[in-house]
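Here are the chains, one letter per residue:
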Amino acid sequence: MPLLPSFRRKRFTVRPLESDDSETLATLHEEDFARPWTEDEFESLLLQENVFGFAAVEEGMSRARPVGFVLARLAAGEAEILTVTVTRAFRRRGIGHALMDAVLRTLHGERAEVLFLEVDEKNQAAIALYRRLGFREAGRRPDYYRDSAAQRSSAITMRRDLR
Ligand SMILES: CC(C)(COP(=O)(O)OP(=O)(O)OC[C@H]1O[C@@H](n2cnc3c(N)ncnc32)[C@H](O)[C@@H]1OP(=O)(O)O)[C@@H](O)C(=O)NCCC(=O)NCCS
């Protein structure tokens, strides 16, 4: 069924994550990850001083339920993406890119040196997004992931130099 024009026109904005986002983050996370993180885990991550992130919400509705988020950690000039996800109905609208871009801008502001992440070699959507953002492969961990059918796949470590 074609989308209603008003739905298609929706615009999204990115705002910093807040401590009371943890329940929503856990709900979004369990949509896509085999071992989803709990609300308590998100809450303790958000309380850590070196952890930060952003949520994507409908423009003009900052209190609306986020449709995606990214969480990152920065320590001693090196940063990592802890997780990033966009709810299925809102993919391919630039939201993942906007979330990652917000992290990159923050890290430039902090004068960080490098951003790392790990991605399943089978996750073509995420790999395409990261390549587009200038990440390159830095290593592999063979047989790191196992899917629901017990199929194993490698983790690709990717890096993006920031200076
Ligand atoms: C990866 C993910 C966050 C991308 O979010 P998104 O909002 O759909 O991404 P964007 O719309 O910003 O895409 C930006 C670019 O990434 C690439 N891309 C994104 N999804 C893609 C797909 N399914 N196939 C091919 N390229 C894709 C494209 O180059 C795209 O630009 P384009 O739409 O102009 O072609 C989303 O697919 C997701 O939540 N996946 C499940 C969770 C996950 O795998 N997280 C990453 C774990 S490492």
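Just above, that's the structure.
The structure displayed is predicted, hence computed values, not measured ones. (Residues numbered from 1 in each chain as written. Predicted model: local features only at pLDDT ≥ 70, side-chain atom pairs only at ≥ 80, totals over all residues. Heavy atoms only, no water.)

## Regarding the site of the ligand
Taken together, 21 residues are adjacent to the ligand, and Val86, Gly96, His97, Asn123 and Arg132 come closest. Between an oxygen atom of the ligand and a side-chain N or O atom of Arg132, the distance comes to 2.4 Å. Computed on the free molecule, the ligand has an accessible area of 910 Å², of which 76% lies beneath the protein chains in the complex. Of all elements in the fold, only β4 (78-86), α4 (95-109), β5 (114-120) and α5 (124-132) reach the threshold of two or more residues within the shell around the ligand. Of all the elements, α5 adds the most residues to the shell around the ligand, at six residues. Considering only residue class, the shell around the ligand consists of 10 nonpolar, five polar and six charged. (Near = heavy atom within 4 Å. Polar contact = N/O pair within 3.5 Å; in protein donor to acceptor, adjacent residues only side chain to side chain. Areas by Shrake-Rupley, 256 points an atom, 1.4 Å probe, with all protein chains shown as cover. Helix = DSSP H or I, 4+ residues; strand = E, 2+ residues; numbered from the N terminus. Nonpolar A, V, L, I, M, F, W, Y, C, P; charged D, E, K, R; others polar.)

## Some details on the side chain of His29
Along the chain, His29 turns up in helix α2 (residues 22-30). Judged by relative accessible area, His29 falls into the buried class, the value being 1%. There is a polar contact of 3.2 Å between the side chain of His29 and the side chain of Thr83. Sequence-distant contacts of His29, that is, excluding residues within four places in its chain, are made with Arg35, Pro36, Trp37, Phe42, Phe69 and Thr83. (Buried < 20%, exposed > 50% of the residue type's maximum accessible area, 1.4 Å probe, protein only. Contact = heavy atoms within 4.5 Å.)

## Some thoughts on the pairing of β5
Of all seven residues in β5, five are buried; the element is thus mostly enclosed. By the bridge criterion, three bridges tie β4 to β5 in an arrangement that is parallel. Each residue of the ladder has a partner; that of Glu80, found in β5, is Phe116. Pairing of β5 with strand β7 (residues 152-161), which is carried by seven bridges, proceeds in the antiparallel orientation. Within β7, the residue paired with Asp120 across the bridge is Ala155. (Pairing = 2+ DSSP bridges.)

## Some words on the pattern of salt bridges
Enumeration over the complete set of coordinates arrives at 11 salt bridges. Among the salt bridges present, the one from Arg105 reaches Asp101, with a minimum N-O distance of 3.0 Å. Placement of both Arg105 and Asp101 in helix α4 is noted, with a separation of four residues, approximately one turn of the helix. Classification of Asp101 by relative accessible area gives partly exposed; the value is 24%. Ionic pairing is found between Asp161 and Arg159, a salt bridge with its closest N-O pair at 2.6 Å. Of the residues examined, Asp161 reaches a relative accessible area of 34% and is grouped as partly exposed. Under the relative-accessibility criterion, Arg159 is labelled partly exposed at 24%. Three or more residues joined by partner-sharing salt bridges are found here, namely Asp32, Arg88 and Arg91. (Salt bridge = Lys/Arg side-chain N within 4 Å of Asp/Glu carboxyl O.)

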